[in-house]
Amino acid sequence: MSSVQTRVQKAAAWYYERGFTPLPVAPRQKVPTVDWKQFQDKRPTRDEAMKLFESCDPHSNIALLMGHGGLFAVDFDGHEKAMSLFLAAGFSMPDGCPVNTTAKGYHHLMRSKKPIPDKVAWLKDQKSGAQIDIRGKGIIVVPPSTHETGFDYKWYKQPT
């Protein structure tokens, strides 16, 4: 990596230091620009992870790979309506759970001792359109990324 880092390279290093596996994503998209499936079962070394960002567009989005260390995301589409749906089903969020805002709602990042499978429309309210998905494999886009609509992803509750 050059001595002058782009914002996405700095973000990638920050995420890696906190135990996440960051991946470069095309600007304003959710499509990784690297062959990431090779890392689905084995986390890359820090050098391997940072090398993925060496020649990426400085305006790239950044994603986190789900599955490593039991990492999964509860994806709330529909903001407060989705949270109401979650609470009404008898669930609650653990304290200290990192949360980032998305164009449609929130990602709550959690860890499990067991692998968590993906589940689209795990909870859904037909009337409001609120939906909760589980992301146990694949990726989620995180700050400092920009959605195709121009919405900037932000941390509501940042990982430590």
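Residues numbered from 1 in each chain as written. Predicted model: local features only at pLDDT ≥ 70, side-chain atom pairs only at ≥ 80, totals over all residues. Heavy atoms only, no water.

Draft legend 1. Local environment of the overall build of the protein. Check the secondary structure of the protein and you find three helices and nine strands. Counted from the first residue to the last, the protein has its helices and strands arranged as α-β-α-β-β-α-β-β-β-β-β-β. Taken over C-alpha atoms, the radius of gyration comes to 16 Å for the protein, in line with the 15 Å a tight globule of 160 residues would show. Seen through its C-alpha atoms, the protein measures out along the principal axes to roughly 50 × 35 × 25 Å. In the protein, which comprises 160 residues, the proportion classed as buried is 46%. Long-range contacts, defined as pairs at least 24 residues apart, comprise 74% of the intrachain contacts of the protein with a sequence gap of at least 6. One finds the centroid of the 22 positive side-chain charges in the protein at a distance of 3 Å from the centroid of its 16 negative side-chain charges. (Helix = DSSP H or I, 4+ residues; strand = E, 2+ residues; numbered from the N terminus. Rg over C-alpha atoms; globule rule 2.2 N^0.38 Å. Buried < 20%, exposed > 50% of the residue type's maximum accessible area, 1.4 Å probe, protein only. Contact = heavy atoms within 4.5 Å. Lys, Arg positive; Asp, Glu negative; His and termini not counted. Charge placed at Lys NZ, Arg CZ, Asp CG, Glu CD.)

Draft legend 2. Inspection of the sheet that holds strand S8 (residues 139–142) at higher detail. Spatially, three strands are ordered S1-S2-S8 in an open sheet, and the strand pairing comes out antiparallel. Strands at the two margins of the open sheet, each flanked by one partner only, are strand S1 (22–25) and S8. Pairs of neighbouring strands in the sheet enclose a mean axial angle of 40°, with direction left out of account. Bridge count for S1 against strand S2 (residues 61–65) is four bridges, and the pairing is antiparallel. In the strand pairing of S2, Pro 24 is matched with Ile 62. Relative to the sheet, helix H1 (residues 7–17) contacts S1, S2 and S8, its axis offset from that of S2 by approximately 20°. (Pairing = 2+ DSSP bridges. Axes fitted to C-alpha atoms, helices over the stretch in contact; angles between N-to-C directions.)

Draft legend 3. Structural detail: the pattern of salt bridges. Taken as a whole and assessed by the stated rule, the structure comprises five salt bridges. A salt bridge links Glu 17 to Arg 18, with the shortest nitrogen-to-oxygen separation between them at 3.9 Å. Classification of Arg 18 by relative accessible area gives partly exposed; the value is 28%. When the shortest N-O distance is used, the salt bridge between Lys 51 and Glu 54 registers 3.8 Å. On the basis of relative accessibility, which here comes to 41%, the residue Glu 54 falls in the partly exposed class. In the salt-bridge network here, residues are joined through shared partners; they are Glu 17, Arg 18 and Arg 46. (Salt bridge = Lys/Arg side-chain N within 4 Å of Asp/Glu carboxyl O.)

Draft legend 4. Representation of the side chain of Asn 100 within the structure. As for its placement among the helices and strands, Asn 100 is situated in strand S4 (residues 99–101). Residue Asn 100 is classed as buried on the basis of its relative accessible area of 0%. With residues up to four places along the chain from it excluded, the contact list for Asn 100 reads Gly 105, Tyr 106, His 107, Val 141, Val 142, Pro 143, Tyr 153, Lys 154, Trp 155 and Tyr 156.

Draft legend 5. Region of the structure containing the nonpolar core. Tyr 15, Ile 62, Leu 64 and Leu 109 are the most contacted members of the largest nonpolar core, which has 28 residues in total. When residues of this core are assigned to their parent elements, the largest contribution, six residues, is made by H1. Core analysis: the second largest hydrophobic core is formed by 13 residues, Phe 72, Ala 82, Leu 123 and Ile 132 among them. (Core = buried A, V, L, I, M, F, W, Y, C linked by side-chain atoms within 4.5 Å.)

Draft legend 6. Local environment of the environment of His 79. Inspection of the secondary structure assignment puts His 79 in helix H3 (residues 79–88). Take His 79: its relative accessible area is 28%, and that puts it in the partly exposed class. Once the C-alpha coordinates of His 79 and Gln 131 are considered, the two residues, 52 residues apart in sequence, prove to be 9.3 Å apart. For His 79, the contacting residues outside a window of four places in its chain are Thr 102, Ala 103, Lys 104, Gly 105 and Tyr 106.

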